[in-house]
Amino acid sequence: MHSFDFYGVTIIIAQIGSPNQYYCPMKMQMKLTVFLLIITITFSTAQTSNSSFIAIDVFEASDNNTDTIPDYLIKSKPFKISGTLYLEDGVTPAKNYILTINQADEDGNFVVEKINDQKKVKHSATVKTNADGKYTFYTFVPGGDRLYNQLQEIHMKVQVPDGTEYALPTLFFDEDPMLSKRCRKKMTKRGETDRILKLQKVDDKLVAKRDMIISSGLKRIN
């Protein structure tokens, strides 16, 4: 276990996995889980049960089921992602569940900013699903990091009505040059190709759809 200072906050890094757990090989040869006071960061690649997530403990969700990532309008590739969140039966809409997304900027960096004396990931958005389990995020395609084979990823988590939080599967992008054939093949075998977002143009705007199920296999993160 190691620690270092990041934006004036002590980060503790613990090795909790082995390279063969990943879909896509990484040069770092280990999975790093980073705990950052308000922010908990888990660096990983495409993984099923232990999805990586940049977790923010302070929710700002309202009754609106739509939210927009900061800087959305000035990014080179903005898009809308929407869908329905279901309970474990895959049929019943998950009403009033809180969804949060976090992602890197277009350079592949997670920007941390201080708001009201609290540090948080800048490119984050939070919504509360409506009565039909619907949600919508306006965001942009994040960058990756070729040095560490980091994919373009969107990290998601859900907070259920009792306050428990779970990491949802990380989302990837079909046009990401780092998303290798080997990675896609393994995702196909596990029936997880729906985690690869395929952006489509509708009325000159890019959109993606992602329905999700709150399964019992999700990793609890609080």
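Treat the numbers as computed from the prediction; the structure is a model and nothing was measured. In this numbering scheme, every chain counts its residues from 1 along its sequence in written order. Predicted model: local features are reported for residues with pLDDT of at least 70 only, side-chain atom pairs are reported and counted for 80 or more only, and whole-chain, interface and lining totals are derived from all residues. The side-chain numbers reported here are obtained from all heavy atoms of the structure, hydrogens and water having been left aside.

Next up on the list: the overall build of the chain. The helix count covers DSSP runs of H or I at least four residues long, the strand count covers runs of E at least two residues long, and both are numbered beginning at the N terminus. Helix and strand counts for the chain come out as one helix and 19 strands. We call a residue buried when its accessible area falls under 20% of the maximum for its residue type, exposed when it is over 50%, and partly exposed in between, using a 1.4 Å probe and counting protein chains only. Looking at the chain as a whole, 45% of its 222 residues are labelled buried. Only heavy atoms enter the contact rule, under which two residues are in contact if any of them lie within 4.5 Å. A separation of at least 24 residues holds for 65% of the contacts in the chain among residues at least 6 apart in sequence. About 11,400 Å² of surface is accessible on the chain, with carbon and sulfur atoms providing 48% of the total. For every accessible area listed, the method is Shrake-Rupley and the probe measures 1.4 Å; residues are considered covered only by the protein chains on display.

Another aspect to go through is the pattern of salt bridges. The term salt bridge refers to a pairing of a side-chain nitrogen on Lys or Arg with a carboxyl oxygen on Asp or Glu at a separation within 4 Å. A full pass over the atoms with the stated rule returns seven salt bridges. For the salt bridge of Lys 122 with Asp 71, the shortest nitrogen-to-oxygen distance reads 3.0 Å. Remark: Asp 71 occurs in the loop between strand S6 (66-68) and strand S7 (78-86) and Lys 122 occurs in the loop between strand S10 (118-121) and strand S11 (124-128); sequence separation between them is 51 residues. Look at Lys 122 and you get partly exposed, because its relative accessible area is 24%.

Its identity as a non-glycine residue notwithstanding, Asp 71 has a phi of 75°, on the positive side. By relative accessible area, which is 25% here, Asp 71 ends up partly exposed. If you check the backbone angles, Asp 117 has positive phi at about 65° while not being a glycine.

So, about the pairing of strand S12 (residues 134-140). Every regular strand shows the same layout, with side chains that alternate between the two sheet faces. Most of S12 sits out of view: five of its seven residues are buried. Strand direction decides the pairing type here: S6 and S12, joined by three bridges, are parallel. Bridging across to S12, Asp 67 finds its partner in Phe 137. DSSP bridges decide pairing: two strands pair if at least two such bridges lie between them. Taken together, the seven bridges between S7 and S12 define a ladder with antiparallel strand orientation. In the strand pairing of S12, Thr 84 is matched with Lys 134.

Residues Phe 79, Leu 85, Leu 99, Phe 137 and Met 156 are the most contacted members of the largest nonpolar core, which totals 26 residues. Elements that contribute at least two residues to this core include exactly S7, strand S8 (98-103), S11, S12, strand S13 (154-159) and strand S14 (165-173). Nonpolar core, defined: a set of buried Ala, Val, Leu, Ile, Met, Phe, Trp, Tyr and Cys residues in which side-chain atoms within 4.5 Å join the residues together. Ranked by size, the runner-up nonpolar core spans seven residues in total, among them Leu 151, Met 178, Cys 183 and Ile 196.

Two aromatic rings, drawn from Phe, Tyr or Trp (for Trp, its six-membered ring), form a pair once their centres lie within 6.5 Å of each other, and the interplanar angle then sorts them: stacked below 30 degrees, edge-to-face above 60, tilted otherwise. All told, the structure shown has three aromatic pairs when counted by the stated rule. Between Tyr 72 and Tyr 138 the ring centres are 5.6 Å apart and the planes differ by 70°, which places this aromatic pair in the edge-to-face class. Residue Tyr 72 is located in the loop between S6 and S7, and its partner Tyr 138 is located in strand S12; the two are separated by 66 residues in the primary sequence. Pairing Tyr 135 with Phe 137 gives two aromatic rings, centres 5.8 Å apart and planes at 55°, and the pair type is tilted. Assessed through its relative accessible area of 0%, Phe 137 is described here as buried. Should the NZ of a Lys or the CZ of an Arg lie within 6 Å of a ring centre and within 35 degrees of the ring normal, that charge is described as sitting over the ring. Across from the ring centre of Phe 140, 5.0 Å away, lies the NZ or CZ of Lys 75, which sits over that ring.

All right, on to the confidence of the model for the chain then. Per residue, pLDDT captures the predictor's confidence, and it can take any value from 0 to 100. Mean pLDDT for the chain: 77, with 72% of residues reaching 70 or above. Here residues 1-23 is modelled with pLDDT under 50, and outside its nearest four sequence neighbours on either side it reaches 60 contacts, counting other chains as well. Low pLDDT, under 50, characterises residues 25-61; the stretch is placed with 136 contacts to residues that sit more than four places away or in other chains.

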